[in-house]
Amino acid sequence: MSKKVLILSSSYHKNSNSEALADAFAEGAAEAGHEVKKIRLADCRIGFCRGCLVCQETQKCVIADDAADIAEQMGQADVLVFATPIYYYEMSGQLKTMLDRANPLFPSDYRFREVYLIAAATEDETETPKNAENGVRGWVECFEKARFAGTIFCGGVTEGGEIRGSERLGEAKRAGAEI
Ligand SMILES: Cc1cc2nc3c(=O)[nH]c(=O)nc-3n(C[C@H](O)[C@H](O)[C@H](O)COP(=O)(O)O)c2cc1C
């Protein structure tokens, strides 16, 4: 069955390492017959959640920017993929801000069932992406019909584009093909 896959890529790097992993994942998924869309948060206007909770009544955010449309697209996808550089052992602020702004989805009949984390960092330890993974797991736990489907991580990369040639790209492509 063909699935709708939505990738949120949160790095500002032009040749982003985490986005290259996400692109490999997308390639695998597309080749397997799935419908893939990527949104670069760097190209969007996304303000901070104000915590007013109006969205829990109306399913609409009071802030008029790009986050409302992104949240709507998240709600209509089968698979969500969050790509982030590791910043201070956490997900990027831009991704966290978007996850907060997806709060209108909480009381909604969202469609997504699987959520992946894709991350890149300078350090290459098993622990390096764990806090970011816990953050995404926490978000997913709030959406009972969905499950956290896994982390794809590439350490040992710092400058944009350094990931080129890494075997992790192949792993990401295979993961995308297996959703
Ligand atoms: C503000 C900031 C904080 C960072 N914190 C970490 C960190 O805690 N651990 C780490 O291994 N790398 C850290 N890095 C390095 C990035 O994770 C690394 O450059 C990554 O490859 C960037 O991915 P991108 O190209 O997708 O943006 C940090 C970079 C920045 C700019």
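Residues numbered from 1 in each chain as written. Predicted model: local features only at pLDDT ≥ 70, side-chain atom pairs only at ≥ 80, totals over all residues. Heavy atoms only, no water.

**Quick word on the nonpolar core**
No. 1: In this structure, Met74, Leu80, Phe82, Met98, Phe112 and Trp139 are the most contacted members of the largest nonpolar core, which totals 32 residues.
No. 2: Counting residues per element, the ones that place at least two in this core are strand S1 (4-9), helix H3 (67-76), strand S3 (79-85), helix H4 (93-101), strand S4 (114-120), helix H5 (130-141) and strand S5 (147-154).
No. 3: Those residues in contact with Phe82, other than ones at most four positions away along the chain, are Leu8, Met74, Leu95, Leu99, Val115, Tyr116, Leu117, Ile118, Val136 and Trp139. (Core = buried A, V, L, I, M, F, W, Y, C linked by side-chain atoms within 4.5 Å. Buried < 20%, exposed > 50% of the residue type's maximum accessible area, 1.4 Å probe, protein only. Helix = DSSP H or I, 4+ residues; strand = E, 2+ residues; numbered from the N terminus. Contact = heavy atoms within 4.5 Å.)

**A look at the sheet that holds S4**
No. 1: The strand order across the open sheet built from five strands is S2-S1-S3-S4-S5, with neighbouring strands paired in parallel fashion. Lying at the two open borders of the sheet, with one neighbouring strand each, are strand S2 (35-40) and S5. The mean angle between the axes of side-by-side strands here comes to 15°, regardless of whether they run parallel or antiparallel. (Pairing = 2+ DSSP bridges. Axes fitted to C-alpha atoms, helices over the stretch in contact; angles between N-to-C directions.)

**With respect to the packing of H3 against H4**
No. 1: Between H3 and H4, the least distance of the axes is 9 Å, while the angle of their chain directions is 75°. For the element pair H3 / H4, the angle class is roughly perpendicular. Note on element contacts: H4 touches H3 through Met98, Leu99 and Arg101, opposite Ala67, Ala68, Ile70, Ala71 and Met74.
No. 2: Residues that form the contact of H3 with H4 fall into these classes: seven nonpolar, no polar and one charged. (Parallel < 35°, antiparallel > 145°, perpendicular 65-115°, else oblique. Nonpolar A, V, L, I, M, F, W, Y, C, P; charged D, E, K, R; others polar.)

**Structural notes on the site of the ligand**
No. 1: If you check the shell around the ligand, you find 17 residues, and the closest are Ser11, His13, Ser16, Ser18 and Ile86.
No. 2: Between Ser11 and the ligand, the recorded distance is 2.6 Å, taken from a side-chain N or O atom to an oxygen atom.
No. 3: For the ligand, whose free accessible area comes to 650 Å², the fraction covered by protein is 80%.
No. 4: For the shell around the ligand, the residue count by class is eight nonpolar, eight polar and one charged. (Near = heavy atom within 4 Å. Polar contact = N/O pair within 3.5 Å; in protein donor to acceptor, adjacent residues only side chain to side chain. Areas by Shrake-Rupley, 256 points an atom, 1.4 Å probe, with all protein chains shown as cover.)

**Quick look at the packing of aromatic side chains**
No. 1: Per the counting criterion, the structure on display carries eight aromatic pairs.
No. 2: The interplanar angle of 85° and the centroid separation of 5.5 Å between the aromatic rings of Phe82 and Trp139 together place this pair among those described as edge-to-face. With a gap of 57 residues between them, Phe82 in strand S3 and Trp139 in helix H5 connect regions that are remote in the sequence.
No. 3: According to the relative accessible area criterion, Phe82 is buried, its value standing at 0%.
No. 4: On the basis of relative accessible area, Trp139 is assigned to the buried category, the value being 10%.
No. 5: With a centroid separation of 6.2 Å and 80° between ring planes, the pair formed by Phe106 and Phe143 is classed as edge-to-face. With Phe106 in the loop between H4 and S4 and Phe143 in the loop between H5 and S5, this residue pair connects regions lying 37 residues apart in the sequence.
No. 6: A network of ring pairs unites the aromatic residues Phe82, Phe106, Tyr110, Phe112, Trp139 and Phe143 as a single cluster.
No. 7: We note Lys145 situated over the ring of Tyr110; from NZ or CZ to the ring centre the distance is 4.6 Å. (Phe/Tyr/Trp six-rings, centres within 6.5 Å; stacked < 30°, edge-to-face > 60°. Lys NZ or Arg CZ within 6 Å of the ring centre and 35° of its normal.)

**Describing H4**
No. 1: Every buried residue of H4 is listed here: Leu95, Thr97, Met98, Leu99 and Arg101.
No. 2: Residues of H4 that are buried sit in contact with S1, H3, S3 and H5.

**Here we look at the confidence of the model for the chain**
No. 1: Of the residues in the chain, 100% reach a pLDDT of 70 or more, and the chain-wide mean stands at 98.
No. 2: No element of the chain has a lower mean pLDDT than helix H2 (residues 55-58), which averages 97, and none a higher one than S3, which averages 99. (pLDDT = per-residue confidence, 0-100.)

**Brief notes about unusual backbone geometry**
Peptide bonds are mostly trans, and most non-glycine residues show a negative phi.
No. 1: Even without glycine at this site, Gln59 takes up a positive phi of about 60°.
No. 2: What makes Gln59 partly exposed here is its relative accessible area of 41%.
No. 3: Although it is not a glycine, Tyr88 adopts a positive phi angle of roughly 50°.
No. 4: Along the polypeptide, Tyr88 turns up in the loop between S3 and H4.

**Thoughts on the packing of helix H1 (residues 17-31) against helix H6 (residues 167-177)**
No. 1: Where H1 contacts H6, the two axes come as close as 6 Å, and the packing angle between them is 40°. Regarding the angle of H1 to H6, the classification is oblique. Crossing angle aside, the handedness with which H1 passes H6 is right-handed. Of H6, the residues touching H1 (which contributes Ala20, Leu21, Ala24, Phe25, Glu27, Gly28, Ala29 and Glu31) are Arg168, Leu169, Ala172, Lys173, Ala175, Gly176 and Ala177.
No. 2: For the contact of H1 with H6, the class distribution of residues is nine nonpolar, two polar and four charged. (Left-handed = near helix turned anticlockwise from the far one by under 90°.)

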